[in-house]
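Chain and residue survey
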Amino acid sequence: MNVNQSAPPVPPFGQPQPVYQGYHQSSYGGQPGSTAPTTPYGAYNGPVPGYQQTSPPGMFPSVSRAPPSSEAPPASTAQAPCGQASYGQFGQGDVQNGPSSTVQMQRFPGSQPFGSVPLAPVVSQPTVLQPYGPPPTSAQVTAQLAGMQISGAVAPALPPVGNVTISFFLEASDSGVYLNPFYFYQPGPPQPLPPKRLDPDAIPSPIQVIEDDRNNRGSEPFVTGVRGQVPPLVTTNFLVKDQGNASPRYIRCTSYNIPCTSDMAKQAQVPLAAVIKPLARLPPEEASPYVVDHGESGPLRCNRCKAYMCPFMQFIEGGRRFQCCFCSCINDVPPQYFQHLDHTGKRVDAYDRPELSLGSYEFLATVDYCKNNKFPSPPAFIFMIDVSYNAIRSGLVRLLCEELKSLLDFLPREGGTEESAIRVGFVTYNKVLHFYNVKSSLAQPQMMVVSDVADMFVPLLDGFLVNVSESRAVITSLLDQIPEMFADTRETETVFAPVIQAGMEALKAAECAGKLFLFHTSLPIAEAPGKLKNRDDRKLINTDKEKTLFQPQTGAYQTLAKECVAQGCCVDLFLFPNQYVDVATLSVVPQLTGGSVYKYACFQVENDQERFLSDLRRDVQKVVGFDAVMRVRTSTGIRAVDFFGAFYMSNTTDVELAGLDGDKTVTVEFKHDDRLNEESGALLQCALLYTSCAGQRRLRIHNLALNCCTQLADLYRNCETDTLINYMAKFAYRGVLNSPVKTVRDTLITQCAQILACYRKNCASPSSAGQLILPECMKLLPVYLNCVLKSDVLQPGAEVTTDDRAYVRQLVTSMDVAETNVFFYPRLLPLTKSPIESATEPPAVRASEERLSNGDIYLLENGLNLFLWVGASVQQGVVQSLFNVSSFSQITSGLSVLPVLDNPLSKKVRGLIDSLRAQRSRYMKLIVVKQEDKLEMLFKHFLVEDKSLSGGASYVDFLCHMHKEIRQLLS
C-alpha cells in the first residue's frame, strides 16, 4: 500500500465490523442520515435601522439601498420604519442571527475533486465610490446607490474557495482614503445625510455558521478513512468512525492541507499547528482505543526514526519487510509478526490488527519502557489540607473532610475492577506540617509534626499511604478529628513549597507516581523555602513592566516542579483566596507537572459549596495517565518546533507530564525543513507513554494523514478557524510573559491581516479596494480574534485582578478547541422563545446587547461562568414560574440557585442549566442578573460583539480596522 493511499476501506457503517481477536468491540450507535443540501452563502438582508451603538467615524461597511419604488417591498426585504427598535420587525425580541438563506451552506471535505464542489453563484459586485478624481454629483451618487448590494459569495478566478465580500464606501481626505459610512459628497456646502449603520446581519455571524454546520454535518458519522478531510466544527454533535486516521476528538489541525514549501507557508502566514488531546474522553457510542499486547517483544517500530507500526506503513517483499512512512527506512518484519500480502499488497490480517487499520490504539509496554527497568507500582493520591485560621473560619476544612469520607469510594479504577488500586495519604499544614499514620491495624490515627520546613522529610513510611477499603475506619476517624483539632487555631501564616516537597518525597519513598491535591488559602509569607511577598501593582498595567505580573516571583518553584516531574508527582491546586495570593507563582508547579488550578475567591460555604464539591469530585474521579512522556513524529518535510500546554520539557522533542488527564491538550506547531510532496502528503504520529491508574505501563498512539498543496486556494479552503484561534490565543498568552501586552496584541492583528491579505491578493477575483473579502472557512477569524484581543489577559477591565489574569492565562494554555471556542465567544440562549415542551436547547443568538429583549430571559455561558439575565419587562407569569415571586422587583439579584418548582418552565430551565454544566470540564456557578442592575456591567463584559468598557473594539469596528490593515498591506 502506498503512503499516499487513503486508509483501507472497511464494511459500510451499520454493517457488522470485523472483530479483532481478543478485543472487546462495541458497535456504533448512530445511523446514517440523509445528505444535507449544499449551497453557498445567500445574499444578505437589508439594514436594520435603530442600531444605536456609536463608533469612531470613518470605519464602516456600506449599506445596501434598494431602488426607490412606489410599491411595497417584498416581505423578505421589508425594512422597519425609522426609529423602530432593530428587532421590532421580527416581533419583540425575535432575532435573525445571520444572513437568511433558503438553502444551507456546507463545508466541503478538502479531499473532494473540484468538479464535485458546486460553484457559488456570482452575485453582482457593488459599485464603489472611487477615492480619486472629482467628487460625484448628487445624481451620480443616487444612481450608484440604486444598484448597490452586499454580495454574499463571489466566484473567484481560481477554483472556488468560497468567500464573503463586504463592501465599504470610501471617502477621500487630506490624510488619504478612509472608510466613512455616514456622509457622501454633495455639490455645494456639505449636507450630511441621516447616519446609516451597517446591518449587523450583513457581516459573518458565528451563530449562523454553527447552525449551518450542525444541519449539514451533524446527521452522518464522520468517517476518518480519507486523507485530509476537514472535520465538522467542535460545536456540532457528530459520531466518529475510525478508519485509519485519529478522531478529531484526539487531534485537530489549523489546516488539513498544508503548503508544499516553506516559502508558500511564509507567504500565507497561516500557522501550521495541531491541538492534541491524547486521553480525550469519548461519547458512549464510540469505542475506546483497543489495547494490543505483543508480549515480550513489545510493539513493532522503525529501526531508524522509532515510529510505531501504523496503517500507513508499506509492506514489501511478500510481507517480509516494511518501509517506514515517516523516514522511508526499510525494516525487517520479525518472524512472529510475519503475514502474507493479498493481491493489492495489503497484509491479509490488516483488519484483525488495530495498528494496521485504525488511527488510534494502545500497546501494552514492556519493561524496557519503565523507569529503572522495573514495572511501576499503582499510583497514590495525597490530600494536603491548609488548616490555618482562614481555612477553618470559612468552614472549608469541615466541608472538605466531610466530603472526602464518601469521595474516597470513587477513586479512578481500571476497567471493571471492583476497587481502585490507588492508595491515599493525608497531610495538614499551616506554618508546620502534620503527617498522619492511618494504618489499618491502628485504633486511632497518629499525628507526626515536622516543624523544620527548611529541610523537609517524611517522618513515616509504613502507614502513610494506605488502601482505602483496608483502612476505612481509621481514615473516617481522622477526617472527623481534623476540624475539631484545629477549631481554635489562631495561626494565620502558611507555607507552600515545603508542602509540595513533602508530598513528592512521600511518593519517592513509596517508589510510585501520584497526585497531590492541595487546598490552600493565603499568600505563603511564613519563613520557609518558597516564601513570597505581596507584589500586586495595578500601576504596572500598560507599561513595559506589566509582563512581570505574569512571571513567577522566584525560580524556586520551577526547580521544585522539575523534581516533581522526575518523580511523576502531579499537583492539583485548589485556591480559596480572600486577597492577593500570587497565582502567577503558585500555579507554576501545577502548570509544569500537568496539573490543574481551581480558584474560589472569597469562598463562602453557602454560596460556593456546590461549585467546589462538584469540581473536587470530578477532579478526583477522572482518569489520569501518570509519569507520561509524549513525542510527536512527522514525515519528512515538516517537524514539530514549538509546544504549548501544561507540561515540562527537558529537551526539544519530549513533552514530559507527571500527570495527564482527559481534559488537557498539548498544542504543537510545525515548520518546514524540506519540500513536501503533493502525492504522499504529510503524516503525524503522536505517541504517549504513561502509567494507567492500575499501574500498567501503556503506549497510546494517534496517527493523522494530511494533504499537501501547491495552490494557496487549497490551503485556505481547508483551514479550521476554531483551531487557529486556539493556537493564536495560546501563542499570545505565552507572549505576555516576555513582551509588553500591546506588542502581543499588535502581533496578532498583523498576522491576521497578513493571512487575509494573502488570500485577497492570491485567491480572490479582482475587485474594488472598497471590499473586504474573507475566505469562507475563515470568515469568523476577525470576530473571534477580536474576542481574544478583548480578553482579560490582553485587555483587562478595572475590576479584573492580577490574580484573575494569571489564572485565566494558565487555564487557556491547556484548553481544547471546544473550550476556547465558547470561552472567547460565549453562548447566549433566549429561554422563553422556544416551546416549553421542546427537549432541545434553544437556538443561540449573537453575543450583543442589541440582541437582548427586555421582555425575555437569557442564559449566557462561557465554560467558566453562567449568567441568567432577566429583562425588566418579562411577563409576571414567567417570573412566578421561575423565581416564585410575583414581580420583577422582588427577584434577588446575584441569586446563585433557582428554586425547585413543579412547573414546566422551571423544570426546563433547571434542566438546561444542568445540561450546560455537564458539557463543561468545570462547574459553572449561576449568577442571576436583573436588567439595569449593578451586576449587569459584569454580564455585559461577555457580550463580545459590543465595544467593551476596557476599550476593546466592537465587532463592526474591528472588521473595519482589519479592512484598513489589509488595504495597507496590499498597497
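That block above? That's the structure.
Before going into details, it helps to say that this report is about the structure given with it. (Residues numbered from 1 in each chain as written. Predicted model: local features only at pLDDT ≥ 70, side-chain atom pairs only at ≥ 80, totals over all residues. Heavy atoms only, no water.)

1. Some details on the pairing of strand β20 (residues 569-575)
Along any regular strand the residues' side chains alternate between the sheet's two faces. Of all seven residues in β20, seven are buried; the element is thus mostly enclosed. Judged by which residues are buried, β20 turns out to be covered on both faces: C569, V571, L573 and L575 on one side and C570, D572 and F574 on the other are all buried. As paired elements, strand β19 (residues 514-520) and β20 share seven bridges and run parallel to each other. Residue G514 lies in a different strand from β20, and its bridge partner there is C569. Between the parallel pair β19 and β20, the chain is carried across by helix α9 (residues 556-567), and the sense of this crossover is right-handed. As defined by bridge partners, β20 adjoins strand β21 (residues 597-599) across three bridges and the pair is classed as parallel. Considered in β21, the bridge of L575 is made with K599. (Buried < 20%, exposed > 50% of the residue type's maximum accessible area, 1.4 Å probe, protein only. Helix = DSSP H or I, 4+ residues; strand = E, 2+ residues; numbered from the N terminus. Pairing = 2+ DSSP bridges. Right-handed = clockwise from strand over helix to strand, strands pointing away.)

2. Some points on the packing of helix α16 (residues 781-789) against helix α22 (residues 955-970)
Contact geometry for α16 and α22: axes closest at 9 Å, N-to-C directions at 110 degrees. Accordingly, the angle class assigned to the pair α16 and α22 is roughly perpendicular. From α16, P782, V783, L785, N786 and L789 reach across to α22, where they touch Y955, F958, L959 and M962. Here the contact of α16 with α22 is built from residues that sort into eight nonpolar, one polar and no charged. (Axes fitted to C-alpha atoms, helices over the stretch in contact; angles between N-to-C directions. Parallel < 35°, antiparallel > 145°, perpendicular 65-115°, else oblique. Contact = heavy atoms within 4.5 Å. Nonpolar A, V, L, I, M, F, W, Y, C, P; charged D, E, K, R; others polar.)

3. Some thoughts on the packing of aromatic side chains
What characterises a pair of aromatic rings is the spacing of the ring centres plus the angle enclosed by the ring planes. The tally for this structure, following the rule as stated, stands at 29 aromatic pairs. Residues F574 and F612 carry aromatic rings whose centres are separated by 6.0 Å and whose planes lie at 80 degrees to one another, so their mutual orientation is edge-to-face. Pair noted here: F574 is in strand β20 and F612 is in helix α12 (residues 605-621), with a separation of 38 residues, a long-range link. A relative accessible area of 0% means that F574 is categorised as buried. Residue F612 is classed as buried on the basis of its relative accessible area of 0%. Pairing Y858 with W869 gives two aromatic rings, centres 5.8 Å apart and planes at 55 degrees, and the pair type is tilted. (Phe/Tyr/Trp six-rings, centres within 6.5 Å; stacked < 30°, edge-to-face > 60°.)

4. Overview of the environment of E936
With respect to the element layout, E936 can be found in helix α21 (residues 936-940). Take E936: its relative accessible area is 7%, and that puts it in the buried class. Separated by 67 residues in sequence, E936 and W869 place their C-alpha atoms 8.2 Å apart. Sequence-distant contacts of E936, that is, excluding residues within four places in its chain, are made with W869, V929, K930 and Q931. Within the structure, E936 has its side chain in polar contact with the side chain of W869 (distance 2.9 Å). (Polar contact = N/O pair within 3.5 Å; in protein donor to acceptor, adjacent residues only side chain to side chain.)

5. Observations concerning the sheet that holds strand β23 (residues 638-644)
Reading across the sheet, the four strands line up as β6-β8-β25-β23 and stay open at both edges, with antiparallel pairing between neighbours. Taken across any chain shown, the strands that pair with only one partner, and hence form the sheet edges, are β6 (251-253) and β23. Across the sheet, the axes of successive neighbouring strands diverge by a mean angle of 25 degrees, strand direction being ignored. Sheet analysis places β6 next to strand β8 (residues 273-276), joined by three bridges and oriented antiparallel. By the bridge assignment for β8, R252 is matched with V275.

6. Structural notes on the pattern of salt bridges
Where charged atoms from two side chains of opposite charge approach closely, those side chains can pair. A full pass over the atoms with the stated rule returns 51 salt bridges. In this structure, the salt-bridge partner of D661 is K622, at a minimum N-O distance of 3.3 Å. On the criterion of sequence distance, the pair formed by D661 in strand β24 (residues 655-661) and K622 in the loop between α12 and β22 (624-634) is long-range, its members being 39 residues apart. Judged by relative accessible area, D661 falls into the buried class, the value being 2%. Linking R827 and E841 is a salt bridge whose minimum nitrogen-to-oxygen distance equals 2.7 Å. In this pair, R827 is assigned in strand β29 (residues 827-830) and E841 in the loop between β29 and β30 (857-861), connecting sequence segments 14 residues apart. Note on R827: relative accessible area 14%, which makes it buried. (Salt bridge = Lys/Arg side-chain N within 4 Å of Asp/Glu carboxyl O.)

7. Concerning a nonpolar patch on the surface
A cluster of nonpolar side chains, namely M447, V449 and M485, defines an oily patch on the protein surface of about 250 Å² accessible area. Topologically, M447 is positioned in strand β17 (residues 446-450). On the accessibility criterion, M447 (35% relative accessible area) is partly exposed. (Patch = residues over 30% accessible without salt bridge, like charges linked within 9 Å, V, L, I, M, F, W, Y side chains within 5 Å. Areas by Shrake-Rupley, 256 points an atom, 1.4 Å probe, with all protein chains shown as cover.)

8. Section: helix α20 (residues 904-919)
Taking 1.5 Å per residue as the helical rise, α20 with its 16 residues ought to reach 22 Å, and the 23 Å between its terminal C-alpha atoms agrees with that figure. Within the span of α20, buried status applies to L905, S906, K908, V909, R910, L912, I913, L916 and R917. In this structure, the buried side of α20 is in contact with α12, β29, β30, β31 (865-870), α19 (876-883) and β32 (925-930). Capping the start of α20, N903 holds a side-chain oxygen 3.2 Å from the backbone nitrogen of L905, two or three residues further along. (Expected span 1.5 Å × (residues − 1).)

9. Structural notes on helix α17 (residues 802-813)
In a regular helix each residue adds 1.5 Å, so twelve residues correspond to 16 Å; α17 covers 17 Å between its end C-alpha atoms and thus fits that length. Of all twelve residues that make up α17, eleven are buried, and the element is covered over most of its length. Looking at α17, one finds that the buried residues are T802, D803, R805, A806, Y807, V808, R809, Q810, L811, V812 and T813.

10. Digging into the environment of L575
Within the secondary structure layout, L575 lies in strand β20. Once the C-alpha coordinates of L575 and L586 are considered, the two residues, eleven residues apart in sequence, prove to be 9.4 Å apart. In this structure L575 touches H520, V581, V583, L586, V597, Y598, K599 and Y600, once residues within four positions along its chain are discounted.

11. Quick word on the state of the cysteines
Tallied over the full model, the rule gives zero disulfides. With no disulfide of its own, C325 has C310 as its nearest cysteine by sulfur position, at a separation of 3.8 Å. C758 provides the cysteine sulfur closest to C763, a residue in no disulfide bond, and the two sulfurs are 6.2 Å apart. Note on C763: relative accessible area 1%, which makes it buried. (Disulfide = S-S within 2.5 Å.)

12. Observations concerning the sheet that holds strand β10 (residues 314-316)
Here we have three strands laid out as an open sheet, ordered β10-β11-β12, and antiparallel in their pairing. The sheet terminates laterally at β10 and β12 (330-332), the two strands that pair on one side only. Across the sheet, the axes of successive neighbouring strands diverge by a mean angle of 35 degrees, strand direction being ignored.

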